[in-house]
Amino acid sequence: MSRLYIPENYRPILNVKETEKAIILIKDFFQLSLSTELNLTRVTAPLFVKSGEGINDDLNGVERAVKFPVKDLGDTQMEIVHSLAKWKRLKVTELGLGKGFGIYTDMNAIRADEELDNLHSLYVDQWDWCLHMDDNDRTIMYLKEIVKKVYRCLKQTEFFVYDRYEEIKPILPSEITFVYADDLLKKYPKLSPKERETEECRKYGAIFVIGIGGTLPDGSLHDGRSPDYDDWTTETGDGHKGLNGDLLVWNPVLNEAMELSSMGIRVNPETLRLQLKERNCTDREKFTFHKKLLNGELYQTIGGGIGQSRLCMYFLRKAHIGETQVSTWPQDMVEKCRKASINIL
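What you see is a predicted model; the values in this text were computed from it and never measured.

**A word on the pairing of strand 11 (residues 301-307)**
A large share of strand 11 lies buried, amounting to 7 of its 7 residues. Pairing between strand 6 (residues 123-132) and strand 11: 7 bridges, direction antiparallel. Bridge pairing in strand 11 places H132 opposite T301. Bridge analysis of strand 10 (residues 256-265) against strand 11 gives 5 bridges, and the strand direction is antiparallel. When the bridges of strand 11 are listed, M263 appears paired with G304.

Next up, the structure:
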């Protein structure tokens, strides 16, 4: 079911024309900053992949991919990507990139089962990135080092926006705060995962929640994560598990935590087997991607995705993601937004 939050007395800082211009400025600046910070080269990405090869992102394993037959390929089934989480690793390996170098790309996806609200759309656009790393860097310290680099790009972009639109004041803290999903559960045992994130983000301004996808002490999950790309089982050496996480910032317009990025050190053959077994989906081992990984044919990588429209929405202080991208929304949502000065594109 779609949901909508209308901020009290909301008024967009930029009109539609100004917003369209600002979107391209932000996207151009951020991707240059990201590619420079992480040593990434831009590549072209697919909109769809062949079904049955295990290359598409399975998200939580229940979301339906949009599929269609291709006439000239004997009605072979293709499917629109959910993200490029696994495709990127294949590409980095195929290109033979050296350690410390990687790729980024514009990822466009359709998530037909998404629940539509201020932050979630049927259309997903993000920068997907992937970096070839050393096997010895499969540590929590290396993950944090990469997260800090991504956060520096956010800080640089925030100043870039302020330098051009003085009415949009910088609000990001100087540093990002790292927290573990299981510690959030202990700290806020009566709150939902989303509520825990909001309380912690309200306090710190920007957080990175480590350990997304693994089972928490009470048997629950902080959030779902496919078992075949992020490593959420490896022990970090400090009583916790997980070499992945989500980057969230405090959104003063929506008065809640807002996820801008998800990233993590990718599974190796051992952790892939373990996570597939834990999720009762060892049948995936027969897929092309999984066979290559289990046979040691793929580079060890770290990677993630950064929402493009969300990034613009946050930095331009918009109330709805539909103000920074074109998608399809329930008509009643569009009408309510119009009456509240929320300009859906």
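**Re helix 5 (residues 193-204)**
End to end, helix 5 covers 17 Å across 12 residues, agreeing with the expected 16 Å (1.5 Å per residue, within 8%). Three or more residues of helix 5 are buried, namely R196, E197, T198, E200 and C201. Buried residues in helix 5 make contact with strand 7 (177-180), helix 4 (181-187), strand 8 (206-210), strand 9 (244-251) and strand 10. Looking one or two residues beyond helix 5, the residue adopting positive phi is G205, at roughly 90 degrees.

**Concerning the UniProt feature "domain: Aminoacyl-transfer RNA synthetases class-II family profile" (unreviewed entry) in the chain**
Under the UniProt annotation, "domain: Aminoacyl-transfer RNA synthetases class-II family profile" (unreviewed entry) lies at residues 101-330. Secondary structure across residues 101-330 divides into 30% helix and 23% strand, with the first and last C-alpha atoms of the span separated by 42 Å.

**Focus: the sheet that holds strand 3 (residues 67-70)**
Reading across the sheet, the 3 strands line up as 2-4-3 and stay open at both edges, with antiparallel pairing between neighbours. Each edge of the open sheet carries a strand with a single partner, namely strand 2 (48-50) and strand 3. Across the sheet, the mean angle separating the axes of adjacent strands is 35 degrees when strand polarity is ignored. Relative to strand 4 (residues 76-80), strand 3 is paired through 4 bridges, and the arrangement is antiparallel. From the neighbouring strand, K67 faces strand 4, where its bridge partner is E79.

Calculation criteria
- Residues numbered from 1 in each chain as written.
- Predicted model: local features only at pLDDT ≥ 70, side-chain atom pairs only at ≥ 80, totals over all residues.
- Heavy atoms only, no water.
- Buried < 20%, exposed > 50% of the residue type's maximum accessible area, 1.4 Å probe, protein only.
- Helix = DSSP H or I, 4+ residues; strand = E, 2+ residues; numbered from the N terminus.
- Pairing = 2+ DSSP bridges.
- Expected span 1.5 Å × (residues − 1).
- Contact = heavy atoms within 4.5 Å.
- UniProt positions renumbered as here; feature names shortened; annotations may be inferred.
- Axes fitted to C-alpha atoms, helices over the stretch in contact; angles between N-to-C directions.

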